[in-house]
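Given next are the chains, with one letter for each unit.
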Amino acid sequence: MSRHHKENPYLAHRMPQHGAEDEPLFGFLPRKVTGAQVRKALQHDINPFTKIPHTPRYKEMLEARRKLPVYAQMDSSTRWCVVVLSFNKNQIIVIVGEPGVGKTTQIPQFVAYTDLPHVKGKLVACTQPRRVAAMSVAKRVADEMDVQLGRHVGYSIRFEDMTEPGTTFLTYMTDGMLLREAMNDPDLNHYSTIILDEVHERTVATDILMGILKSLAKKRSDLKIIIMSATLDALKFQNYFGIQKGSLAPLFKVPGRTYPVEVFYTREPEPDYVESAIRTVLMIHRAEDSGDIKLEADDFANQDSDSIGPIVCIPLYSSLPPEQQQRIFDPPPKPQRPNGPPGRKVVVSTNIAETSLTIDGIVYVVDPGFLKQSVYNPRIRIESLLVSPISKASAQQRAGRAGRTRPGKCFRLYTERDFMSELEEQTHPEILQSNLAITVSALLKLGVRDLVKFDYVDAPAPETLMRALELLNYLAALDDDGNLTALGSVMAEFPLDPQLSKTLISSPEFQCSNEILTITAMLSGEANVIANSHSVGFLLDFSVPNVWLRPNNQRKEADAAKALLTVPDGDHLTLFNVYNSYMQNKYDRNWALNNFLSARALAQAENVREQLQRNMERSELELVSITDEKKMCTAIRKVLCCGYFMQVAHKEGNMGNYLTVKDNQVVALHPSCGLDTQPEWVIFHEFVLTTRPYIRTATDVRAEWLLELAPVYFDIATFTDGETKRALKRVVNKQAGRSGRVERGTRRPKRRISEEAVALESMMLSFNLYS
DNA sequence: GAGCACTGC
């Protein structure tokens, strides 16, 4: 895609209607612009990008911007234009500053003024770890620049591209989105400057982007890179991005402007942070002056207070629909009677509000000291969302949120001793504790050859890399030398887990890609993973949106509605049936609600399906259907085996017990499962551990299909002795008898581990990781 | 006989 430029400030003096000096960008040379010039252009009456006179609102907002600490870096007479100057001089710079100093909104604007990306037909991109942040910041910046959102300033997140090719020169985007773009254009040629924001959050996408940008900087000397962090661990990034070993990338610290926050600790550790949080909030409400409260936890129950003044609790998390998210900006409730005690607003938030979102008026912060994060255990190959302690850096961020408007207070629901001695200094990088299957295929797709030697900011554990390589190898996405196969390359194009990707890509061969596309969309909605630190086990869910509603007072009706939509051969087929019925009823919300289905989950599936369909068209994968319903169902069940042959369970005895293949975990079908019998073999989408281990979203499959479609994984020689192995053997012998052959023992399994994996394996042995 | 909303593509 080529982005041609429309407005060239070099040519400004040729325009007849203004004198040259009237042009706001007169004399601006890209990357040679000074802070003083930028300041002057900002105060000009004409918008340099739209050539329209500025609105009064622009001037008002400019006044407010001038008060931001980051503005002073450009505006002060003693250190004027340090940021701009350094940007001009260096290829990579690091900027740190607390939330609220204006990094995210102002720096990209300064960069746009000195880099002048529109002159070159390029863009300045600023990444954010979260969609909400990308959207809301883009809106704010478009307002500040007096342009329409989606034109000169835009944003780009999944399902929503608010940019206009050829016009947009500043765009905010999620880090995952930029990573996707890098897969198709490894040199990121659209961009003149890339700003990675909130790098302290250490999301997997940001970490990988840091790695590829570091090497891309050598290749593309014209590319400028800015690393922005809200915490003071800048040295790590300065070191990482130093031009030579031992040298540091230049750093800019933007001093904060927040008010002092008094921090209180509990005297004793609190056994129940939810109960303790509620108590603290009510205490604040009774005893403290007016001012809203932000509570970071994951559960909060409103409790009747005595007649102190109304209190309103507002939840905040990312998957909340935007209009509900807006509620956090509502004013606190009015007193119940004239001159009565003032009302108070309590925002109960996940760590989305830690840095990404700023709510004015918050004076009190209650910090239970936990966050939910997904943690991958490579030994049992399970990723689960766990409640774990936050880092000191996070605790400081949280406290800082109380001092935005005036001096505030932060109540930490843990002891000072725990803070000092138990909390890690910095947030643990996500890449060190996640399932790397998607990451590994992304890196390979990005052209990284050697996954071990890749220049990670923090290198993941060899065992985790090994697990990822193994999974991708089984799925035939990697060959035995660790290279991406043609299949693997297509798989990486899809925003899906490798198992789902493989299933979808295999579907045209079975003439049912339309159907599998629907099922895939239904399976890949919002993440929905829960773990509880109090229970012995944990609950795991491979991201199934729950389409089934079951209101407490209408359970019977809900169950009856579900029974009508259930297909007895398997839950995957039921999901297909649900979506089809929804489609036949013209995507009607009310139909969904009348049938106790979540309209949001269905709308989400609709979105995902459209996106995946575009992906399939781009990859030239045929969209086909089988008309015969029975054949279609069989084909669907077979295709599922292509991607999920590692998630199979075999029935043991008649007590409803199943044993997962190879891992030998005793599991049961989840009570929500719609299978009318207990089939001998089932394929399942998720494993959940609540009151007992369950498998959920299960479908009846046949051993013959598994042997045929996943011969390597189902090589009998690789099974330990037991009922599963005997059952497989019976099927093999029956097949051999039918074809007149006699199976003589079993073949040795082909070695499926690449050289790289062997290297990893020996490394792991030397680290004693197998012990 | 079942829940319980980290984030992203």
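About the thresholds
- Residues numbered from 1 in each chain as written.
- Chains lettered and ligands numbered in written order.
- Predicted model: local features only at pLDDT ≥ 70, side-chain atom pairs only at ≥ 80, totals over all residues.
- Heavy atoms only, no water.
- UniProt positions renumbered as here; feature names shortened; annotations may be inferred.
- Pairing = 2+ DSSP bridges.
- Helix = DSSP H or I, 4+ residues; strand = E, 2+ residues; numbered from the N terminus.
- Axes fitted to C-alpha atoms, helices over the stretch in contact; angles between N-to-C directions.
- Contact = heavy atoms within 4.5 Å.
- pLDDT = per-residue confidence, 0-100.
- Phe/Tyr/Trp six-rings, centres within 6.5 Å; stacked < 30°, edge-to-face > 60°.
- Buried < 20%, exposed > 50% of the residue type's maximum accessible area, 1.4 Å probe, protein only.

- The name an unreviewed UniProt entry assigns to chain A is RNA helicase, from the organism Paxillus involutus ATCC 200175.
- According to the UniProt record, the Sequence similarities (unreviewed entry) comment for chain A is "Belongs to the DEAD box helicase family. DEAH subfamily."
- Taken from UniProt, the Catalytic activity (unreviewed entry) comment for chain A reads in full: "ATP + H2O = ADP + phosphate + H(+)".

**A look at the sheet that holds strand β19 (residues 666-669)**
No. 1: Taking strand neighbours around the barrel as the criterion, the 5 strands line up as β17-β18-β19-β21-β20 in a closed arrangement whose pairing is mixed. Neighbouring strand axes in the sheet, compared pairwise and without regard to direction, differ in orientation by 50 degrees on average.
No. 2: Note that strand β20 (residues 681-689) and strand β21 (residues 693-701) share 8 bridges and pair antiparallel. Paired with Ile-683 across the strands is Thr-699, a residue of β21.
No. 3: Against the sheet, helix α21 (residues 571-584) makes contact with β20 and β21, and its axis sits at roughly 80 degrees relative to β21, the strand it touches most.
No. 4: Against the sheet, helix α26 (residues 723-738) engages β17 (648-652), β18 (657-660) and β20, with an angle of about 95 degrees to β17.

**A closer look at the confidence of the model for chain A**
No. 1: Mean pLDDT for chain A: 83, with 86% of residues reaching 70 or above.
No. 2: Predicted confidence for residues 526-544 stays below pLDDT 50, and this span has 58 contacts to residues more than four positions away or in other chains.

**Comments concerning the UniProt feature "coiled-coil region" (unreviewed entry) in chain A**
No. 1: Taken from the UniProt record, the annotation "coiled-coil region" (unreviewed entry) applies to residues 602-629.
No. 2: Note that residues 602-629 is 64% helix and 0% strand, and that its end C-alpha atoms are spaced 23 Å apart.

**Some remarks on the sheet that holds strand β5 (residues 170-174)**
No. 1: As summarised here, the arrangement of the 8 strands in space is β4-β3-β5-β2-β6-β7-β1-β8, forming an open sheet in which the pairing is mixed. Taken across any chain shown, the strands that pair with only one partner, and hence form the sheet edges, are β4 (160-162) and β8 (251-254). Here the average twist between neighbouring strands, direction ignored, is 20 degrees.
No. 2: With 5 bridges connecting them, strand β2 (residues 123-128) and strand β6 (residues 191-196) associate as parallel partners. In the sheet register, Cys-126 faces β6, and the bridge partner there is Ile-195.
No. 3: Helix-sheet contacts for helix α6 (residues 131-144) involve β2, β3 (153-157), β4 and β5, and the interaxial angle to β3 is about 170 degrees.
No. 4: Of the strands in this sheet, β2, β3, β5 and β6 touch helix α7 (residues 175-184), which is tilted by about 100 degrees from β5.

**Looking at the packing of aromatic side chains**
No. 1: All chains considered together, the criterion is met by 16 aromatic pairs.
No. 2: When the centroid spacing of 4.8 Å and the interplanar angle of 45 degrees are considered together, the rings of Tyr-273 and Phe-370 count as tilted. Here Phe-370 lies in strand β14 (residues 370-377) and Tyr-273 lies in helix α10 (residues 273-287), a separation of 97 residues in the sequence.
No. 3: We classify Phe-370 as partly exposed; its relative accessible area is 29%.
No. 4: Each ring, one from Phe-454 and one from Tyr-456, has its centre 4.9 Å from the other, and the planes form 80 degrees; the classification is edge-to-face.
No. 5: A relative accessible area of 11% places Tyr-456 in the buried class.

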